[in-house]
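Commentary on secondary and tertiary structure
Below are the chains, spelled out letter by letter.
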Amino acid sequence: MEIRLWSVVAEGAALAVAGPGARVHETADAVFAAGPDGTVVITTGLRNAEDLRVDGPFPRLVEGRLTGDGPTLHTFARLPEGCLALGSARVTDAARRRGVLKRLDLRLDTPLPEHLLTVAGTPDDPGGADWLDLLPEDPVKALEGFVADWYGEAPAGAPPPVDGQPEPLRAFHRLAGGRPEFYDGSLQVHQRPGDPLVFGESGDGTFELLMEAGADDPHVYYRGLSDQPLRERERLSAYLLLLALTRVAMDRPPEGLAPGGMAFADRAQARRIVAPLKRVPLRPLRWPCARTRIYAGKDTVALVGADDADWFEVYVGARDPAALRRLRRIGLDWASFES
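To start, this report covers the structure provided alongside it. Computed from a prediction, not measured in an experiment: that's the story for all the values here.

Next up on the list: the sheet that holds strand 14 (residues 260-266). The six strands are arranged 15-16-17-18-14-19 in an open sheet whose pairing can be described as antiparallel. Where the open sheet ends on each side, the last strands, each with one partner, are strand 15 (278-279) and strand 19 (336-338). Pairing geometry for strand 14 and strand 18 (residues 311-318), over seven bridges, is antiparallel. Paired with Ala-265 across the strands is Phe-312, a residue of strand 18. Across the face of the sheet, helix 7 (residues 267-274) comes into contact with strand 14, strand 16 (291-296), strand 17 (300-306) and strand 18 while running at roughly 145 degrees to strand 14.

Taken together, the five strands give an open sheet; going across it, the order is 9-10-11-12-13, and neighbouring strands pair in antiparallel fashion. Edge positions in the sheet fall to strand 9 (187-189) and strand 13 (230-235), since each of these pairs with one other strand and no more. Here the average twist between neighbouring strands, direction ignored, is 30 degrees. Pairing of strand 10 (residues 198-202) with strand 11 (residues 208-211), which is carried by three bridges, proceeds in the antiparallel orientation. For Val-198, the partnering residue across the bridge sits in strand 11 and is Leu-210. Where helix 6 (residues 236-251) meets the sheet, its contacts fall on strand 9, strand 10, strand 11, strand 12 (219-223) and strand 13, and the angle it forms with strand 13 comes to roughly 95 degrees.

Let's shift gears to helix 3 (residues 139-150). Look at helix 3: 16 Å from first C-alpha to last across 12 residues, which is about the 16 Å you get at 1.5 Å a residue. The complete set of buried residues in helix 3 reads Pro-139, Ala-142, Leu-143, Phe-146, Val-147 and Trp-150. In a view along the axis of helix 3, the buried residues occupy a sector of 135 degrees, so they form one face of it. For helix 3, the secondary structure elements touched by its buried residues are helix 4 (167-176), helix 5 (180-183), helix 6, strand 17 and strand 18. In the stretch just after helix 3, Gly-152 is the one whose phi turns positive, near 80 degrees.

On to unusual backbone geometry, then. Pro-57 follows Gly-56 through a cis peptide bond whose omega is 10 degrees. Checked against the element boundaries, Pro-57 lands in the loop between strand 5 (51-55) and helix 2 (60-67). The linkage connecting Leu-135 with the following residue, Pro-136, adopts the cis geometry, with an omega of 5 degrees. Along the polypeptide, Pro-136 turns up in the loop between strand 8 (100-108) and helix 3. One non-glycine residue, Trp-6, lies in the positive phi region at around 70 degrees.

Definitions and limits used
Residues numbered from 1 in each chain as written. Predicted model: local features only at pLDDT ≥ 70, side-chain atom pairs only at ≥ 80, totals over all residues. Heavy atoms only, no water. Pairing = 2+ DSSP bridges. Helix = DSSP H or I, 4+ residues; strand = E, 2+ residues; numbered from the N terminus. Contact = heavy atoms within 4.5 Å. Axes fitted to C-alpha atoms, helices over the stretch in contact; angles between N-to-C directions. Expected span 1.5 Å × (residues − 1). Buried < 20%, exposed > 50% of the residue type's maximum accessible area, 1.4 Å probe, protein only. Arc of directions from axis to C-beta.

Here's what the structure looks like:
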């Protein structure tokens, strides 16, 4: 099946390009189809007129096709109204972590015309979230970049970090500079902990945040969230970045002033919410939902949590009300919304 370049088609029509009997795989950020006529990728990862970024996980069959000498790769950009045909593409870079494919960079064979860049959801300022490009390799530097973007420099006279803490936590305290927007909210971090292994707790006090002893970048645990301490997927350095982003999405500091909202969304609605954003390339958090992913852009952070396959718990925080105007048009029944 052939589709005219730069036309907008339904998802089913885009997947049909792979040919009859194609195997379809869906992740939080992309849909793949592998069939006799080619491989199809539908994603929101368009970075500019020529480059796409696709984040994992990747189904094994699709990974083999994308990183080997597979059939033609057909790409589509997801839009609220359908899928924009971007044409064929080739892989320019494959990023792996501990042997697992985490990210693919693609180059379009035919660059997208300039007038379609905004339609396709590319960032207004591609440099607005440069800290994302430091992940997953250097989460401490990424945290520094995020804080500089959103909060600026720490105030003069801020309390120094506590001696004896692991360096990721000391870096967090240096960047926080004693400001309450870093320490309060749904997840709270202790500025001066009584127990050196307990570095925070939930805002309602139902669980504590623990770290293992004696490690440079320790594992993180929730104590009180389940019968036994529950270990997070990421270590402390990456977890502290995710915690800072969670604070922006869920609590929207300063309290009551920052625009944003909370809603329960189906899969299609969740996709529309995060369409202009990039997924933070770290493993999902275990709180507030069993699989909680975070997406970010120049002025917006979104948290999308899944406890089952059908409904998502979504929180969005922004620095500029204009960044949220499109969310009023996607048919969501927001539980709360400030703009």
